[in-house]
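Examining the three-dimensional arrangement
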Amino acid sequence: MAQTAPTKGALTAAKHSHALAETGYELMDRKRNILVREIMSLMDEAERLQSEIDDAFAEAYASMRLAEISTGGCAEEGAAGVPIDDSVSLRYRSVMGVELPYVYAEESEISGPPYGLAFTSSDLDDAYFKFQEVKGLIRDLAQTENCIYRLAYAIKKAQKRANALKNIVLPGLDADIARITDALEEKEREEFVRLKVIKNRNTG
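Position numbers for residues start from 1 in each chain and track the written sequence from start to end. Selection of residues for local features in this predicted model requires a pLDDT of at least 70, selection of side-chain atom pairs for listing and counting requires 80 or more, and totals for whole chains, interfaces and linings are taken over all residues. As a rule here, side-chain values cover all heavy atoms of the structure and leave hydrogens and water aside.

The name given to the protein in an unreviewed UniProt entry is V-type ATP synthase subunit D, and the organism recorded there is Candidatus Scatomorpha intestinavium. UniProt positions are given in the numbering used here, feature names are shortened, and annotations may be inferred rather than shown by experiment. You can read under Sequence similarities (unreviewed entry) in the UniProt record for the protein the words "Belongs to the V-ATPase D subunit family." The UniProt entry for the protein carries this comment under Function (unreviewed entry): "Produces ATP from ADP in the presence of a proton gradient across the membrane."

Okay, here's the thing in structure tokens:
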């Protein structure tokens, strides 16, 4: 790469670029720190949700086994009456420029199980509500894990840019500033000597 000519304009431009690079590094470092704090809180949330899901699944399957016993194997017919849930939609929130998903589900107007009561039991109702709880927890966990993935990618990207600014751009600009400054000082010394020689000739 060709070096910039050692002029005062080049020195001013190099110092301006250096100031911008320093600001960029500070912003990238601040962004990384904020995203790290965000991801740490989400990791705690994901761990909590996973534990709740494990417990909820265990309770839901236990209720389902009781429902199969109490309905004489007719629980599957009741389960077939449960409609497909297509109420889930995505929204987004921004954290330091990173778009994080928010999984939104509209509340159903139906408060009870969507199947008839003729061949079902309270055990099946209990299983239905427990699996509804599991569904909500899974939705929350999917949202949290997706946010963690996006934040981890953004942190890696911010760290890479910060490292490039700190280890490549700023040292390069420091070297340019030092080189141009040395060259300008050398020019000034040469000009001083030249003028001194001319003055001595004129007075000699």
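Description of the environment of Arg179
Where helices and strands are cited, they refer to DSSP runs of H or I of at least four residues and of E of at least two residues respectively, numbered from the N terminus. Positionally, Arg179 belongs in helix 3 (residues 122–203). Residue burial is assigned from relative accessible area. The probe radius is 1.4 Å, only protein chains are included, and a residue is buried under 20% of its type maximum, exposed over 50%, and partly exposed in between. Note on Arg179: relative accessible area 21%, which makes it partly exposed. Along the backbone, Arg179 and Pro6 are 173 residues apart, and their C-alpha atoms lie at a distance of 7.7 Å. Should any heavy atoms of two residues lie within 4.5 Å, those residues are counted as being in contact. Not counting the four nearest positions on each side in its chain, Arg179 is found in contact with Gln3 and Thr4.

Some words on the side chain of Thr144
With respect to the element layout, Thr144 can be found in helix 3. Ignoring sequence-local partners within four residues, the contact set of Thr144 consists of Leu42, Glu45, Ala46 and Leu49.

Re the pairing of strand 1 (residues 88–95)
Strand direction decides the pairing type here: strand 1 and strand 2 (residues 98–105), joined by eight bridges, are antiparallel. When the sheet's bridge partners are listed, Arg93 is paired in strand 2 with Leu100. Two strands make a pair as long as DSSP finds a minimum of two bridges between them. Between strand 1 and strand 2, which pair antiparallel and follow one another directly, the connecting turn spans two residues, one of which, Met96, has a positive phi of 50 degrees.

Some thoughts on helix 3
The span expected for a helix works out to 1.5 Å for each residue beyond the first. An ideal rise of 1.5 Å per residue puts 122 Å on 82 residues; helix 3 measures up with 118 Å between its terminal C-alpha atoms. At Leu165, helix 3 shows its largest bend, some 35 degrees. To get the bend at any residue, fit one axis to the seven residues that end at it and another to the seven that begin at it, then take the angle between the two axes.

A word on the side chain of Ser63
Within the secondary structure layout, Ser63 lies in helix 1 (residues 8–70). Relative accessible area serves as the criterion here: at 5%, Ser63 is assigned to the buried category. Polar contact criterion, stated in full: a pair of N or O atoms within 3.5 Å, where within protein one must be able to donate a hydrogen and the other to accept it, and residues adjacent in sequence count only if both atoms are side-chain atoms. At 2.9 Å, the side chain of Ser63 and the side chain of Asp126 are in polar contact. Setting aside chain neighbours within four positions, we find Ser63 in contact with Asp123, Asp126, Ala127 and Lys130.

Re a negative patch on the surface
Together, Asp54, Asp55, Glu59 and Glu133 give the surface a local cluster of negative charge. Among the elements that take part in the negative patch, helix 1 stands out by supplying three residues, more than any other. Residue placement: Glu59 occurs in helix 1. Each patch is built from residues that are more than 30% exposed by relative accessible area and take part in no salt bridge. Like charges join if they lie within 9 Å; nonpolar side chains (Val, Leu, Ile, Met, Phe, Trp, Tyr) join within 5 Å. Using a 1.4 Å probe, accessible areas were evaluated by the Shrake-Rupley method; residue-level cover was limited to the displayed protein chains. Any carboxyl oxygen of Asp or Glu within 4 Å of a side-chain nitrogen of Lys or Arg constitutes a salt bridge here. None of His or the chain ends enter the tally, which takes Lys and Arg as positive and Asp and Glu as negative. All charge positions are set by atom: Lys at NZ, Arg at CZ, Asp at CG, Glu at CD.

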